[in-house]
Amino acid sequence: MASSRTYAWIAGAFILVLGIYAVASLTLPAGQSLTTFGNIAQCLVPLLANAGLLLNAGTPHWRRNVFWMLAALSCTLWMIGQFQWTYYEVYLHQPLPDMYPGDIIFFLCGIPLMAALALRPHLKRSEIRLRFGYIDFALLLAWWIFLYAFVVLPWMYAEPSLGPYNFTFDLINTIQSMVIVVGLGALWLRSRGAWRNVYANLFGSQSLHMLSSLMINVAIDLKVYHTGSLYDLPLVASFLWFGAAGLIAYKNATALDDSSESASAEGSDRKKGESIVASRLAMAAVVSLPVFAVYTIRFAHDSPAVREFRLMSILLAAVPLGFLVFVRQHLADRDRSRLLARAEQSVENLQRLQAQLVQTEKLVSLGQLAAGAAHEINNPLTAILGYSDLLADDASLPEKARAISVKIRDQARRTKTLVGNLLSFARQVPAERTLLDLNTVVTNAVQLRALDLRNSGTKIELKLESVLPGVRGDGNQLMQVFFNIVNNAVDAMESHNGGGTLTIKTMRDRANVAILFSDTGPGLKEPHRVFDPFYTTKPIGKGTGLGLSICFGIVQEHAGKILCYNSQTGGAVFRVDLPAVLAALPTRDSQAVTTVAVKNP
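Residues numbered from 1 in each chain as written. Predicted model: local features only at pLDDT ≥ 70, side-chain atom pairs only at ≥ 80, totals over all residues. Heavy atoms only, no water.

Participant: In this structure, what is going on with the overall build of the protein chain? I would like to understand it.
Facilitator: A count of helices and strands for the protein chain gives 16 helices and eight strands. Of all intrachain contacts in the protein chain linking residues separated by at least 6 positions in sequence, the fraction that spans at least 24 positions is 76%. Of the roughly 32000 Å² of accessible surface on the protein chain, a fraction of 63% belongs to carbon and sulfur atoms. (Helix = DSSP H or I, 4+ residues; strand = E, 2+ residues; numbered from the N terminus. Contact = heavy atoms within 4.5 Å. Areas by Shrake-Rupley, 256 points an atom, 1.4 Å probe, with all protein chains shown as cover.)

Here it is in structure tokens:
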């Protein structure tokens, strides 16, 4: 919250300005000097109010920014009207005409503030549908202009009469101010925390502005008002209060953020309610035109000139209001169509996900069966390794028999390694971040995938950098990432031209370890979409579109990056960057280049 010293400075400045204005009003005689002082002061106080309000328009929250800018626009419109008043009294040295067309500016200054109230900035939202906001503001502006033309302007143009003109202007201006006061009061009572304080200050300043405007208008009608008199003191105080409200809100910006977070829990039902209210008000604006027409023809006891003027204003207002309602409905229909398409797509994705979950359950059962079989395979493998070691070390056997025993031992060890990789890949264990050698992880993933290679034209070439830093992560998850990428590349090459070469290269790139997967397949049709969930180019039943999406999430969890693009020579390239650990793993003698073919010895 703002400190007590800040409130003291605001109150002191408030009292000082009002005191100066009151002293000038009491000491200066009624005349040109007092008029000039009053006009200049009343041009400056809306400017001060703007400065205080616009301090809050630089936040990351668009709804809040628009709220404060609209509030400042109300003060700006009043300042423009005051400039006109100053032009007549200070520059031309003559009073403003009794029925002045520029009075509509003083009337319209409340419309931006009414639009600001509809934003309810204490409700924090992730976005603002600005298109509907603009249209709603235009509808509000057009309807109030029509109302002014219907109620006030007939007594200026159709049948000029000062008495009815002053009465209708005061009436409609007071009604508009009361609507704003009621709206601010409702927000004051319904908000909490720092926003409650903000709305309370705005409610007080607007109430004082309404009373001061009404008092000045009545004084003008009674011919007892002159600029710079004490009648202006409440008006000056109201603008100073507006500026103080903006300054207090600026000092409480952090508290406003906290209270906005709590208010955001009101959820989607409130958004739906806002949309319904806005559409209902838009329709009410159009429906009100026939109501005014019926009143003019059947119930009003005006002269024919006034009746004709009002009917013409109704006809002219029907065009822009009807057009704005049509545009709003058109945009709403487009949004509904887009939301319907998204809903249909979501249903399809859910159906595919359901099918994938069923398939996953089958794969889990199959994985458990394979894991059990792998454990059983390990037992005879152990015996094979033991007997092959005995045969290879038996000096009484011929050299040829011993060489065959060595080959049997090597292939048994290779089989045991592949079974171990299969068990590690199928085992569901919590993620454990350890120091890894990515060359080993890549090699294990390739060996696991090479078990299923049947096309003699498909081969995997490894270019592993010998001096490669370690990476901290979960080996099982990273092997899943590499296995998916390798699997997709092999499938793409076999479906394209029956085979090809996948080159896997590891290297150090600044503070990262990079793994590049380059194939000779057809390339990627939409590289920017390959990591989207459910996006796949494989036939129905073969691909679910979840593999690369899962890979993207795993790499993100490891603080790395994964991207893809098409090579200039054809084929797709996937690159995985993972942050390196400063402590390097033991180096190899030279760069390892291995080719894994379909048929293994």
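Participant: For this particular structure, what's the right way to read the pairing of strand β3 (residues 469–473)?
Facilitator: Two faces make up the sheet, and in a regular strand the side chains alternate between them. The element β3 is largely enclosed, with a buried count of four among its five residues. In this sheet, β3 lies alongside strand β1 (residues 434–436) in antiparallel orientation, the contact comprising three bridges. Paired with Leu 436 across the two strands is Val 471, which belongs to β3. (Buried < 20%, exposed > 50% of the residue type's maximum accessible area, 1.4 Å probe, protein only. Pairing = 2+ DSSP bridges.)

Participant: Help me out: how do you make sense of the pattern of salt bridges in this one?
Facilitator: Oppositely charged side chains are able to pair whenever their charged atoms sit close together. Under the counting rule described, the total for this entry stands at eleven salt bridges. A salt bridge links Arg 336 to Asp 333; the nearest nitrogen and oxygen atoms lie 3.1 Å apart. Here the residue Arg 336 and the residue Asp 333 both occupy positions in helix α12 (residues 304–393), the gap between them amounting to three residues, near one helical turn. Across the pair Asp 577 and Arg 575 runs a salt bridge, and its minimum N-O distance is 3.0 Å. Here the two residues Asp 577 and Arg 575 agree in accessibility, since each one is buried. Members of the salt-bridge network, linked through shared partners, are Asp 509, Arg 510, Arg 575 and Asp 577. (Salt bridge = Lys/Arg side-chain N within 4 Å of Asp/Glu carboxyl O.)

Participant: How do you make sense of the packing of aromatic side chains when you look at a structure like this?
Facilitator: Given two aromatic rings, one states the distance between the centres and the angle between the planes to describe the pair. Within the structure shown, the criterion is met by 24 aromatic pairs. Where Trp 78 meets Phe 106, the ring centres are 4.8 Å apart and the plane angle is 75°; that geometry is what we call edge-to-face. Of this pair, Trp 78 sits in helix α3 (residues 62–91) while Phe 106 sits in helix α4 (residues 103–108), and the two are 28 residues apart along the sequence. Overall, Phe 106 belongs to the buried group, its relative accessible area being 10%. A centroid spacing of 6.2 Å and a plane angle of 90° characterise the contact between Tyr 148 and Phe 169, whose relative ring orientation is edge-to-face. Of this pair, Tyr 148 sits in helix α6 (residues 130–151) while Phe 169 sits in helix α7 (residues 162–190); the two residues are 21 residues apart in sequence, bridging distant segments of the chain. (Phe/Tyr/Trp six-rings, centres within 6.5 Å; stacked < 30°, edge-to-face > 60°.)

Participant: Mind showing me how you'd approach unusual backbone geometry here?
Facilitator: Residues apart from glycine generally show negative phi values, whereas peptide bonds are mostly found in trans. With a phi angle near 65°, Lys 223 is a residue other than glycine that sits in the positive phi range. Looking at Lys 223, the relative accessible area reads 58%, which means it is exposed. We note that Arg 510 has phi near 55°; this positive angle belongs to a residue other than glycine. Mapped onto the elements, Arg 510 comes out in the loop between β4 (500–509) and β5 (512–518).

Participant: Sorry if this is basic, but what is going on with the pairing of strand β2 (residues 458–464) here?
Facilitator: Most of β2 sits inside the fold, with five of its seven residues counted as buried. Here β2 runs beside β4; their pairing, made up of seven bridges, is parallel. From the neighbouring strand, Glu 461 faces β4, where its bridge partner is Thr 503.

Participant: Teacher, can you tell me more about a nonpolar patch on the surface here?
Facilitator: There is a patch of nonpolar side chains on the surface, built from Phe 167, Leu 171, Ile 175 and Val 179 and spanning about 370 Å² of accessible area. Considering the arrangement of structural elements, one finds Ile 175 in helix α7. (Patch = residues over 30% accessible without salt bridge, like charges linked within 9 Å, V, L, I, M, F, W, Y side chains within 5 Å.)

Participant: For this particular structure, what's the right way to read the environment of Ser 549?
Facilitator: Mapped onto the secondary structure, Ser 549 falls in helix α16 (residues 547–557). Taking the relative accessible area as the measure of exposure, Ser 549 reaches 18% and is therefore buried. For the pair formed by Ser 549 and Arg 529, sequence separation is 20 residues and the distance between their alpha carbons is 9.8 Å. Residues within four places of Ser 549 in sequence aside, it is in contact with Phe 531, Asp 532 and Pro 533.

Participant: I tried to follow the environment of Met 69 on my own but got confused; where do I start?
Facilitator: Here Met 69 is to be found in helix α3. Accessibility expressed as a relative area gives 40% for Met 69, which makes it partly exposed. Taking the C-alpha atoms as reference points, Met 69 and Leu 53, separated by 16 residues in sequence, lie 7.4 Å from one another. When residues no more than four places from it in sequence are discounted, the contact partners of Met 69 are Leu 54 and Ala 57.

Participant: What should I look at first to understand empty space enclosed by the protein in this one?
Facilitator: Rolled over the atoms, a probe with the dimensions of a water molecule shows which regions are left empty. Overall, the coordinates contain four cavities of 30 Å³ or more when judged by the stated rule. Counted as a void, the largest cavity has a volume near 170 Å³. If you go around the largest cavity, you meet 17 residues; those closest to its centre are Ser 74, Cys 109, Gly 110, Gln 206 and His 209. Those elements that provide at least two residues to the lining of the largest cavity are α3, α7, α8 (193–221) and α9 (232–251). Looking at the lining of the largest cavity, its residues break down into nine nonpolar, eight polar and no charged. (1 Å grid on protein atoms, 1.4 Å probe; cavity = no way out; pocket = protein on both sides within 12 Å on 5 of 7 lines; lining within 4 Å. Points joined across faces, edges and corners; volume = space filled by probe spheres on them. Nonpolar A, V, L, I, M, F, W, Y, C, P; charged D, E, K, R; others polar.)

Participant: Before we go on, may I ask you to explain helix α14 (residues 438–450) in this structure?
Facilitator: An α-helix turns once per 3.6 residues; consequently, residues spaced three or four apart project the same way. The terminal C-alpha atoms of α14, which comprises 13 residues, lie 18 Å apart, in line with the 18 Å expected from a rise of 1.5 Å per residue. Counting buried residues along α14, ten of its 13 residues qualify, which places the element largely inside the surrounding structure. Leu 438, Asn 439, Val 441, Val 442, Asn 444, Ala 445, Val 446, Leu 448, Arg 449 and Ala 450 are the residues of α14 that are buried. (Expected span 1.5 Å × (residues − 1).)

Participant: Would you mind showing me how to read the packing of α3 against α8 here?
Facilitator: Packed helix pairs are characterised by how far apart their axes lie and by the angle those axes make with each other. Taken N-terminus to C-terminus, the directions of α3 and α8 make an angle of 20°; their axes are 14 Å apart at the nearest point. Classified by the angle between their axes, α3 and α8 sit roughly parallel to one another. The element α3 and its partner α8 pack so that their crossing is left-handed. Listed contacts from α8 to Arg 64, Phe 67, Trp 68, Trp 78 and Trp 85 of α3 are Trp 195, Val 198, Tyr 199, Leu 202, His 209, Ser 213 and Ile 220. (Axes fitted to C-alpha atoms, helices over the stretch in contact; angles between N-to-C directions. Parallel < 35°, antiparallel > 145°, perpendicular 65-115°, else oblique. Left-handed = near helix turned anticlockwise from the far one by under 90°.)

Participant: Would you explain the packing of helix α15 (residues 475–497) against α16 in this entry?
Facilitator: Closest axis-to-axis distance for the α15/α16 pair is 9 Å, and the angle between their directions is 145°. Helix-helix and strand crossings are classified by hand; for α15 and α16 the assignment is left-handed. In this structure, α15 contributes Gln 477, Gln 480, Val 481, Asn 484, Ile 485 and Asn 488 to the contact, and α16 contributes Gly 547, Leu 548, Ile 550, Cys 551, Ile 554, Val 555 and Glu 557. Here the contact of α15 with α16 is built from residues that sort into seven nonpolar, five polar and one charged.

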